[in-house]
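Report on the structure
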Amino acid sequence: MKKKQEISSEPNNEIKPVAGGGLLDRRLFLKRGLTFITATTVTGASGKLLAEEPSSDVEAIQPRQPWMLKPGKPFSNYGQPSPHESDVIRWISANSMASGNGVSWSPLHQLEGMITPNGLHYERHHNGVPEIDPEKHKLLVHGMVEKALMFSINDLLRYPMESRICFIECGGNSNAGWNSRPVQSEVGYFHGLVSCSEWTGVPLSLILKEVCIDPKATWLIAEAADGIAMEISIPVEKAMDDALLALYQNGERLRPENGYPLRLLLPGWEGVTNVKWLRRLQVTDRPVMSRNETAKYTELLPSGKARQFTFVMDAKSLITSPSPGQEMHGPGFYQITGLAWSGRGKISKVEVSADGGKTWAEAELQEPVLSKCYTRFRIPWHWDGGLAILKSRAIDETGYVQPEREVLVNERGNHGYFHYNAIVSWEIAPEGYISHVYA
Amino acid sequence: MSMHKSSFLLIGLSLLVISQSLSAECDPPGNSPLLGKVAPEKLIEAWDLSIFPDGTGLPPGKGNVVEGEKIYNAQCAVCHGPKGIGGSAEELAGGEQGLTGEYPDKTIGTYWPYATTLFDFIRRGMPLSAPGSLTDDQVYAVTAYLLHVNKILPGDAELSKETLPEVEMPNRSGFVWIYPGLKK
């Protein structure tokens, strides 16, 4: 009954906006038992919340729903999502002549929290997902080492392990942002080449100490056991720092599409360096200049020069709700929520604007806030039903501030393709339609 | 810690000798089970696919533009289009615009800094539908053909372990290393 009064189109006197467009104090969630509307993905059933009308749902009046009148289904060996959630999927975009070449996008707009379910982790494969027999898979470490060694998966499973809860983001994520016109699609389907998991495995430094690398070695070439033997050069410094030979993802052994049985994990670094199906590590004193560190994953600047070995994914944030493809449910209180992450460390602050960047309010960061990891942010908002432009801006612990699109494009031009991390803007039209704009 | 150390000692003299011969920075911590098995030289040779810009890693063999054209038309054109243009996969030639201006062309001829990268990439992954199926001679040949359609090599060129690293790509010095502390 209380609900009735609280969902009104006018904020009451106690609730003063802290920034333009109706943004409210982030601590409001904690202070009051307010009910907030969530913009929802448009589906068949209308989720319109009309507080004034009593429910006319006759079925709801039944003392028991049909599923309460019989025993439920038996146990299952491996749980699956509810069939009612079957539209929560990765969006696949593959080459017409090579079905294993392309990407699948994680549906960021349909997910909550900070961990990506394993089946919805984004994919980028160059030649499909290899079907690896873990008994036959070996890791070879050789090159500038005292002794070249091979490790079986069973060997690696016996080493001391650690977990890193971190994001992996493809260097090409969000690249539609370089287009001269804002692309219209659900947020996951152009920003969803990023995901976040708890990865568990053996610190790479442990293995590099066992082979005993030459002090003059500066690079490591990592190679995959897929149908393109994907290879990439990585500075030894990173390998000795926080690199992990990942065997587990979110508690279970890696999924085939995420590198089963062994993946190189380089927290905060572009996805292509996080080599899946890892089979070979060659210790050297120079990069190999592979196709994926020269022709691709380099960023052409207006000068004609290109940025190479960029590696670190700069701070980025975006609002996942409300976001394009979702539906507003009339004026009232909403919770704005989204994700922020930085390859340089922890997110220290996320600011949100509802007036196109004229004024900003600090969002609440959901605990835990971890280094090189998704950070979920939230802020209450009173939408008055008028035109609003929502933005979020991430600031990381190094002081790096996520740039406005104009700043990024002025600096890099439009043909860099990779490493797009500009502020994202959603326009909420008075009738509630949400679109992507450059503002 | 002390428990690990003592069990380490119990493993046997041979391990102890190895661990003592290592420098301090190589010394793995006492809780590492040290399960790596020595990799045979032959296996390393067979697995090592890396080709460096100076030619390190290139196998013996040779191939020319004319042979390369035949291989290309039979095995590559289906995805990459005739002469490297207009297929479903990446364009492999036809860069006319250069790298500045409104519509820059990032192709082998205009963008790739090293010719060795072509050999490396084709040998490890192409044709995408049958990776590992080309002989080294065929890889030299199709590399020569692609460099020819990119106007880098003349129509009568032949490539080998010695000549491939000598091919100079126009965009050789077009890259700026961003990650701090890297030494060229």
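This one's a predicted model, so the numbers in the text were calculated from it and none came from an experiment.

Before going further, it helps to spend a moment on the packing of aromatic side chains. This model, assessed by the stated rule, comprises 21 aromatic pairs over all chains. Relative to W383 of chain A, the ring of Y334 of chain A lies with its centre 6.3 Å away and its plane at 75°, an arrangement referred to as edge-to-face. You can see Y334 of chain A sitting in strand β19 (residues 332–341) and its partner W383 of chain A sitting in strand β23 (residues 375–383), a full 49 residues away along the chain. In this structure, Y334 of chain A and W383 of chain A share a single accessibility class: buried. Both rings, one in Y72 of chain B and one in Y145 of chain B, keep their centres 5.3 Å apart while their planes meet at 40°; by these two values the pair is tilted. Remark: Y145 of chain B occurs in helix α8 (residues 136–149) and Y72 of chain B occurs in helix α4 (residues 65–75); sequence separation between them is 73 residues. Grouping residues by exposure puts Y72 of chain B and Y145 of chain B together as buried. The rings of W219, W269, F309 and F311 of chain A together with W177 and Y179 of chain B are connected pair by pair, giving a single aromatic cluster.

Below, the discussion takes up the packing of helix α7 (residues 116–125) of chain B against α8 of chain B. All names here are of chain B. Relative orientation of the contacting elements α7 and α8 amounts to 130°, with a least axis distance of 9 Å. The angle between the axes of α7 and α8 places the two elements in the oblique class. Our pair here, α7 against α8, has a crossing hand that is right-handed. Across the interface between the two elements, L118, F119, I122 and R123 from α7 touch D136, V139, Y140, V142, T143, L146 and L147 from α8. Residues that form the contact of α7 with α8 fall into these classes: eight nonpolar, one polar and two charged.

Right, let's get into the pairing of strand β17 (residues 316–321) of chain A. Residue and element names in this part refer to chain A. For β17, the tally of buried residues reaches six of six residues, placing the bulk of the element in the interior. Summarising the sheet, β17 and β19 pair through five bridges and their orientation is antiparallel. Following the sheet pairing, I319 is matched in β19 by G338.

This next bit is on the sheet that holds strand β25 (residues 425–428) of chain A. All names here are of chain A. With antiparallel pairing, the five strands of this open sheet are ordered in space as β21-β20-β24-β25-β26. The sheet is open, and its two edges are formed by β21 (361–362) and β26 (434–437), each paired on a single side. Alignment of strand β20 (residues 347–353) against β21, held across two bridges, turns out to be antiparallel. From the neighbouring strand, V352 faces β21, where its bridge partner is A361.

This part takes up empty space enclosed by the protein. All names here are of chain A. Inspection of the entire model under this criterion finds five cavities of 30 Å³ or more. For the largest cavity, the calculated volume is near 190 Å³. What lines the largest cavity is a set of 19 residues, among which R124, H126, G271, V272 and K276 lie closest to the centre. Among the residues forming the lining of the largest cavity, the class breakdown is eight nonpolar, six polar and five charged. Here the second largest cavity defines a volume of roughly 60 Å³. Every residue along the wall of the second largest cavity is listed here: L108, L111, E112, G113, M114, I115, T116, L339, Y374 and R376. Within the lining of the second largest cavity, the residues separate by chemical class into six nonpolar, two polar and two charged.

Bringing the domain arrangement of chain A into the picture now. All names here are of chain A. Structurally, chain A comprises domain 1 (123–297) and domain 2 (316–437). Look at where the C-alpha atoms of domain 1 and domain 2 centre, and you get two points 29 Å apart. Of the roughly 2,400 Å² buried between domain 1 and domain 2, counting both surfaces, carbon and sulfur atoms make up 62%. The largest share of the area that domain 1 buries against domain 2 comes from F167, W178 and V187, three residues that together contribute 31% of it. Inspection of the region where domain 1 meets domain 2 yields two salt bridges. The salt bridge involving D242 is made with K372; its shortest N-O contact spans 3.0 Å. Taken together, the connections running from domain 1 to domain 2 amount to 17 residue pairs in polar contact (both at pLDDT 80 or more). Of all elements in the fold, only β7 (162–169), α5 (188–191) and β8 (194–203) reach the threshold of two or more residues within the side of domain 1 that touches domain 2. Tallied by class, the residues present in the side of domain 1 that touches domain 2 amount to 12 nonpolar, 13 polar and six charged.

So, about the interface of chain B and chain A. Taken together, the 60 residues of chain B in the interface contact 66 residues of chain A. For the pair chain B and chain A, the summed buried area comes to about 5,300 Å², and 62% of that belongs to carbon and sulfur atoms. Among the residues chain B hides against chain A, the three largest losses belong to W47, F52 and Y179 of chain B. Together they make up 14% of the total. Note that E90 of chain B is salt-bridged to R291 of chain A, the shortest N-O span being 3.2 Å.

Any two side chains of opposite charge can pair, on the condition that their charged atoms come close. All names here are of chain A. This model, assessed by the stated rule, comprises 30 salt bridges over all chains. Taking the shortest distance from any N to any O, the salt bridge between D314 and R344 comes out at 2.5 Å. Within this pair, whereas D314 is found in the loop between β16 (306–308) and β17, its partner R344 is found in the loop between β19 and β20, the two being separated by 30 residues in sequence. In this structure, R393 engages E351 in a salt bridge whose closest nitrogen and oxygen atoms are separated by 2.8 Å.

Below, the discussion takes up α8 of chain B. Residue and element names in this part refer to chain B. The end-to-end C-alpha separation of α8 is 20 Å, in line with the 20 Å expected for 14 residues at 1.5 Å each. Within α8, 10 of the 14 residues are buried, which leaves it mostly tucked inside the rest of the structure. Regarding α8, the residues found buried are V139, Y140, A141, V142, T143, A144, Y145, L146, L147 and V149. Here the buried face of α8 lies against β2 (62–64), α4, α6 (108–111), α7 and β3 (158–160).

Cut-offs used in this document
- Residues numbered from 1 in each chain as written.
- Chains lettered and ligands numbered in written order.
- Predicted model: local features only at pLDDT ≥ 70, side-chain atom pairs only at ≥ 80, totals over all residues.
- Heavy atoms only, no water.
- Phe/Tyr/Trp six-rings, centres within 6.5 Å; stacked < 30°, edge-to-face > 60°.
- Helix = DSSP H or I, 4+ residues; strand = E, 2+ residues; numbered from the N terminus.
- Buried < 20%, exposed > 50% of the residue type's maximum accessible area, 1.4 Å probe, protein only.
- Axes fitted to C-alpha atoms, helices over the stretch in contact; angles between N-to-C directions.
- Parallel < 35°, antiparallel > 145°, perpendicular 65-115°, else oblique.
- Left-handed = near helix turned anticlockwise from the far one by under 90°.
- Contact = heavy atoms within 4.5 Å.
- Nonpolar A, V, L, I, M, F, W, Y, C, P; charged D, E, K, R; others polar.
- Pairing = 2+ DSSP bridges.
- 1 Å grid on protein atoms, 1.4 Å probe; cavity = no way out; pocket = protein on both sides within 12 Å on 5 of 7 lines; lining within 4 Å.
- Points joined across faces, edges and corners; volume = space filled by probe spheres on them.
- Domains from an automatic or database assignment.
- Buried area = accessible area lost by both parts, 1.4 Å probe.
- Salt bridge = Lys/Arg side-chain N within 4 Å of Asp/Glu carboxyl O.
- Polar contact = N/O pair within 3.5 Å; in protein donor to acceptor, adjacent residues only side chain to side chain.
- Expected span 1.5 Å × (residues − 1).

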